[in-house]
Amino acid sequence: QVQLVESGGGLVQAGGSLRLSCAASGSIFSINTMGWYRQARGKQRELVAGISSGGSTNYADSVKGRFTISADNAKATVYLQMNSLKPEDTAVYYCYLEVALRGGGPWFAYWGQGTQVTVSS
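Below or above, wherever it landed, is the structure these notes cover. (Residues numbered from 1 in each chain as written. Predicted model: local features only at pLDDT ≥ 70, side-chain atom pairs only at ≥ 80, totals over all residues. Heavy atoms only, no water.)

This paragraph deals with the overall build of the chain. When you go through the chain residue by residue, the secondary structure sums to zero helices and eleven strands. When its helices and strands are written in sequence order, the chain yields β-β-β-β-β-β-β-β-β-β-β. Whereas a compact globule of 121 residues would reach a radius of gyration of roughly 14 Å, the chain reaches 14 Å, a difference of no more than 12%. Scored against the burial criterion, the 121 residues of the chain give a buried share of 40%. Nonlocal contacts in the chain, meaning residues at least 24 apart in sequence, comprise 56% of its contacts between residues at least 6 apart. Approximately 6,500 Å² of the chain is accessible, and the part contributed by carbon and sulfur atoms is 46%. A gap of 2 Å separates the mean positions of the 10 positive and 7 negative side-chain charges of the chain. (Helix = DSSP H or I, 4+ residues; strand = E, 2+ residues; numbered from the N terminus. Rg over C-alpha atoms; globule rule 2.2 N^0.38 Å. Buried < 20%, exposed > 50% of the residue type's maximum accessible area, 1.4 Å probe, protein only. Contact = heavy atoms within 4.5 Å. Areas by Shrake-Rupley, 256 points an atom, 1.4 Å probe, with all protein chains shown as cover. Lys, Arg positive; Asp, Glu negative; His and termini not counted. Charge placed at Lys NZ, Arg CZ, Asp CG, Glu CD.)

Right under this line is the structure:
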């Protein structure tokens, strides 16, 4: 089974930094996209950042210029470097991998267990 394990969350003061990582294990044939979503208390889930297998990235307007997504496709690992954190960034962060389990097979989405990021003012 493909499993994603997240790490790096925690409590940080406003203006601080955190680096999230998400490593996938299992039989993955290829990776299409990887990314991060977050869901704050009382709010809808939103895309934070995404990266394609070709290295193309996209960010939510609210984090652009502060967060950087990167990936190691060989290790099936995605990272999120978060700088200049704000209290508004407080949320549970979920990593997302869209993968194929076999050649020519369909893409499937897998999700991490979530890691809490809390930014104090």
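Take the sheet that holds strand β7 (residues 67-72) next. Pairing in this open sheet of four strands is antiparallel, and the strands run β1-β3-β8-β7 from one edge to the other. Of all strands in the sheet, those with a lone pairing partner are β1 (3-7) and β7, marking the two edges. The average undirected angle you get between the axes of adjacent strands in this sheet is 15 degrees. Pairing geometry for β1 and strand β3 (residues 18-25), over five bridges, is antiparallel. Its bridge partner lying in β3, L4 is registered against A24. (Pairing = 2+ DSSP bridges. Axes fitted to C-alpha atoms, helices over the stretch in contact; angles between N-to-C directions.)

Across all of its chains, the model carries one disulfide by this definition. Sulfur-sulfur distance for the disulfide between C22 and C95 comes to 1.9 Å. The S-S bond linking C22 to C95 shows a torsion near 50 degrees; that makes this disulfide right-handed. Taken together, the residues span a long stretch of sequence, with C22 in strand β3 and C95 in strand β9 (residues 91-100) at a distance of 73 residues. A relative accessible area of 0% means that C22 is categorised as buried. For C95, a relative accessible area of 0% gives the class buried. (Disulfide = S-S within 2.5 Å.)

Here N73 lies in the loop between β7 and β8 (77-82). A C-alpha to C-alpha distance of 9.8 Å links N73 and S52, two positions 21 residues apart in sequence. Setting aside chain neighbours within four positions, we find N73 in contact with I31, M34 and S53.

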